[in-house]
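# Residue-level structural notes
One letter stands for each residue in the lines below.
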Amino acid sequence: MALTPLAVLDGHILPADEATVPVTDTGLLRGDGVFEVIRVYGGRPFAMDDHLRRMAHSAQNLRLEIDLSAVRADTEALLAEAGTFDGAVRFFVTRGGRRVGLVEAVPPHDQPLVLASVEFVPPRVLDGVKSLSYAGNMLAKRLAEEAGGDDALLVTPHGRVLEGTTSSLFASLDGTTLVTPPLSDRVLDSITRRRLLAMLPDAREEVITREELRGAQEAFLASTTREVQAIARIDGDVLPQAPGPLTQAASDAFGAHVREALGAA
Ligand SMILES: Cc1ncc(COP(=O)(O)O)c(C=O)c1O
């Protein structure tokens, strides 16, 4: 079934282009609010409880009061109205108190990526907050595109590799194990990353430097919308394989995990 661009605004379903937020809402004026993007397969949400839990956590850290049961009810109402579609529901809550959910398409993420590194320092005060303040991430992506890439690889001024602008990074430096930067480096506690770490016996958290990444055998970005997407090149360095065997295995395992979670295995 084709995707209908619907929204839910404070409990009311309406066409997405009719949903509005007052211009005085500081969610808009200052990016003061929280959001989540939940993947939907055949009309069914994946890992919805994890997303709601993270939204509650983000809101608590941001000192933002939200009604989580209303967020859940709104999302369920939107899904019921949208029917059987493949895509995502974006949900955000603003400081002005608006609850908004949107049905969104998810573009295909099957081609290996070219990344360009961009210097980035995650704001410490927003640790553990998936906030609406994403202008820095969006600018990093644009800078990477200007440099000929598809997305940015965020790297600290001290050369520690962090993540993509809306995704986590996994790499194999030795060809047998996968590593991903630790949460202590202030990367997002990604739901996809967490699940991959739990399901892949040879994956673990480890600090990765930009220098070490130059010798990587393979690497991929992971997120709700990308799932597992191989990286072909980072700056001038061509990865030996894209996807490499560990990336392919991670992609297969994640696909099977989604099917099992949705009861379709
Ligand atoms: C900065 C950042 N890192 C990682 C991710 C991946 O998180 P998840 O797997 O929960 O989608 C996202 C997703 O939006 C993100 O914005």
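In this text the structure is predicted, and so the values were computed from the model without any measurement.

Turning to the sheet that holds strand E1 (residues 6–9), a few remarks are in order. Pairing is antiparallel across the open sheet formed by six strands, whose spatial order is E2-E1-E6-E5-E3-E4. Edge strands, defined here as strands with exactly one partner in the open sheet, are strand E2 (12–15) and strand E4 (44–45). Pairing analysis gives three bridges linking E1 to strand E6 (residues 99–104), with the strands arranged antiparallel. Paired with Val8 across the bridge in E6 is Gly101. On the sheet, helix H2 (residues 48–61) packs against strand E3 (33–41), E4 and strand E5 (87–94) and is oriented at approximately 175° with respect to E3.

The topology assignment puts Glu212 in helix H6 (residues 210–213). In this structure, the C-alpha to C-alpha distance between Glu212 and Val161, residues 51 residues apart in sequence, is 9.4 Å. Within the structure, the side chain of Glu212 is placed 2.9 Å from the backbone nitrogen of Thr209, a separation counted as a polar contact.

Before going further, it helps to examine the packing of aromatic side chains. Here the structure, examined in full by the defined rule, presents four aromatic pairs. Ring centres of Phe35 and Tyr134 lie 5.1 Å apart, and the angle between their planes is 90°; on these two criteria the pair is classed as edge-to-face. Of the two residues, Phe35 sits in strand E3 while Tyr134 sits in the loop between strand E7 (113–119) and helix H4 (135–146), which places them 99 residues apart along the sequence. Given a relative accessible area of 19%, Tyr134 falls into the buried group. Arranged with centres 5.9 Å apart and planes meeting at 85°, the rings of Phe46 and Phe254 form a pair that is edge-to-face.

Let's shift gears to the nonpolar core. Within the largest apolar cluster, 21 residues are counted, with the highest numbers of intra-cluster contacts made by Val34, Phe85 and Val93. The set of elements that each furnish at least two residues to this core consists of E1, E3, H2, helix H3 (68–82) and E5. With residues near it in sequence (within four places) discarded, Val93 still touches Gly33, Val34, Met55, Leu64, Ile66, Val71, Arg98, Arg99 and Leu132. Grouped together as the second largest cluster of nonpolar side chains are 18 residues, Ile191, Leu200, Ala203 and Val258 included.

With five of seven residues buried, E7 is to be regarded as a mostly interior element. As defined by bridge partners, E7 adjoins strand E14 (residues 227–234) across three bridges and the pair is classed as parallel. When the sheet's bridge partners are listed, Val114 is paired in E14 with Arg233. Examined bridge by bridge, E7 and strand E8 (residues 151–155) share five bridges and lie parallel to one another. Each residue of the ladder has a partner; that of Leu115, found in E8, is Asp151.

Glancing now at the side chain of Thr75. Of note, Thr75 is situated in helix H3. Those residues within four positions of Thr75 in sequence are excluded, and the remaining contacts are Ile38, Met48, Val89 and Phe91.

Criteria and thresholds
Residues numbered from 1 in each chain as written. Predicted model: local features only at pLDDT ≥ 70, side-chain atom pairs only at ≥ 80, totals over all residues. Heavy atoms only, no water. Pairing = 2+ DSSP bridges. Helix = DSSP H or I, 4+ residues; strand = E, 2+ residues; numbered from the N terminus. Contact = heavy atoms within 4.5 Å. Axes fitted to C-alpha atoms, helices over the stretch in contact; angles between N-to-C directions. Polar contact = N/O pair within 3.5 Å; in protein donor to acceptor, adjacent residues only side chain to side chain. Phe/Tyr/Trp six-rings, centres within 6.5 Å; stacked < 30°, edge-to-face > 60°. Buried < 20%, exposed > 50% of the residue type's maximum accessible area, 1.4 Å probe, protein only. Core = buried A, V, L, I, M, F, W, Y, C linked by side-chain atoms within 4.5 Å.

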